Amino acid sequence: MSFERIDFSQLFHAGFQLDRSALILHFAFENRIQELAEGALLSRLIEEPLAAPPSAPEDDEIQESFYRLQVRLDYRGARVAAQFVEGCSTDLEETYVALQRHLIRRHLAREIVRKAAAGDAEAQQAICWESFVSGTLRAEALKAMSVVLAAGAEQHAPSAHELSVAREHLLSKHDEETWTELEEKLTRHWAIPRAAITAALDRYALALRHGGVS
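Quick caveat, the model's predicted, so the values are computed rather than measured.

With that settled, consider the layout of surface pockets. Its boundaries defined by the atoms lining it, the largest pocket holds a volume of some 760 Å³. Lining the largest pocket are 23 residues, with Arg68, Arg106, Arg110, Asp175 and Glu176 sitting closest to its centre. Elements with a minimum of two residues in the lining of the largest pocket: α2 (33-47), α3 (59-73), α5 (92-117) and α9 (179-189). A per-element tally of the lining of the largest pocket places α3 first, with six residues. The residue makeup of the lining of the largest pocket, split by class, is four nonpolar, five polar and 14 charged. For the second largest pocket, the calculated volume is near 230 Å³. If you go around the second largest pocket, the residues you meet are Ala40, Ser43, Arg44, Glu47, Glu48, Glu122, Ala126, Trp129, Glu130 and Val133. Mapped by element, the contributors of at least two residues to the lining of the second largest pocket are α2 and α6 (121-133).

One finds Leu23, Phe27, Phe29, Ile33, Ile127, Met145 and Ile192 to be the most contacted residues of the largest nonpolar core, which totals 48 residues. In terms of residue count, helix α10 (residues 194-208) provides more of this core than any other element does, eight residues in total. Apart from the residues lying within four places of it in its own chain, the contact partners of Ile192 are Leu25, Ala28, Phe29, Ala117, Leu186, Thr187 and Ile197. Of all hydrophobic cores here, the second largest spans six residues; its members include Ile62, Phe66, Ala81 and Val85.

Here we take up a negative patch on the surface. Negative charge collects at one region of the surface, where Glu47, Glu48, Asp120 and Glu122 lie side by side. By the element assignment, Asp120 lies in the loop between α5 and α6. The class for Asp120 is partly exposed, based on a relative accessible area of 33%.

Once that is clear, we can look at the pattern of salt bridges. A complete count under the given rule lists 14 salt bridges for this structure. Residue Glu30 is joined to Lys143 by a salt bridge in which the shortest nitrogen-to-oxygen separation is 2.8 Å. Of this pair, Glu30 sits in the loop between α1 (20-29) and α2 while Lys143 sits in helix α7 (residues 137-152), and the two are 113 residues apart along the sequence. On the accessibility criterion, Lys143 (18% relative accessible area) is buried. For Asp175, the salt bridge identified is with Arg72, shortest N-O distance 3.0 Å. Of the two residues, Asp175 is situated in the loop between α8 (160-171) and α9 and Arg72 in helix α3; the sequence distance between them amounts to 103 residues.

The rules behind each value
- Residues numbered from 1 in each chain as written.
- Predicted model: local features only at pLDDT ≥ 70, side-chain atom pairs only at ≥ 80, totals over all residues.
- Heavy atoms only, no water.
- 1 Å grid on protein atoms, 1.4 Å probe; cavity = no way out; pocket = protein on both sides within 12 Å on 5 of 7 lines; lining within 4 Å.
- Points joined across faces, edges and corners; volume = space filled by probe spheres on them.
- Helix = DSSP H or I, 4+ residues; strand = E, 2+ residues; numbered from the N terminus.
- Nonpolar A, V, L, I, M, F, W, Y, C, P; charged D, E, K, R; others polar.
- Core = buried A, V, L, I, M, F, W, Y, C linked by side-chain atoms within 4.5 Å.
- Buried < 20%, exposed > 50% of the residue type's maximum accessible area, 1.4 Å probe, protein only.
- Contact = heavy atoms within 4.5 Å.
- Patch = residues over 30% accessible without salt bridge, like charges linked within 9 Å, V, L, I, M, F, W, Y side chains within 5 Å.
- Areas by Shrake-Rupley, 256 points an atom, 1.4 Å probe, with all protein chains shown as cover.
- Salt bridge = Lys/Arg side-chain N within 4 Å of Asp/Glu carboxyl O.
- Lys, Arg positive; Asp, Glu negative; His and termini not counted.
- Charge placed at Lys NZ, Arg CZ, Asp CG, Glu CD.

The following block contains the structure:
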């Protein structure tokens, strides 16, 4: 029963309520869901440790992860990146092992995300509990409700330009550089249905029309 409905209608009006699945999708589009799933994973491992070690990621995935790290740190050149690593009193071999551990954790958490996106109640509750105990649930739920309300108040469909603005808005919350890459993460990695992506893009475009979402 946990978080089947998140309701603030007593404080505002009837429009300020949504169901758990809608909140899960909001976490995905706002790029909060992976972090919450990793917290849920830790909670799950405390309760029930893994029976067998997870499989290691492929070398090319680790290389891609290191490249993304270089971009994020603004050390795109291989030589400068190596100097940065050495400046942290470590080396590329230790960095490789650390990234491998990081990716294994992300893979395990991603399974929780995929289950939550598919409607699995246990996975959805685990993510919502992580948001609750971290103190972010109220703010995120209110933002999700506000986007729905702002979009619902608009009578005309979003224009091509408004959809483009919405894509840029959502991209700014993720590490991906193009909308195609973001769609791939949402659909292939997190199992978000394409219909849900299209509907969310329309909502954000309409909500952004008058600056009604941050």
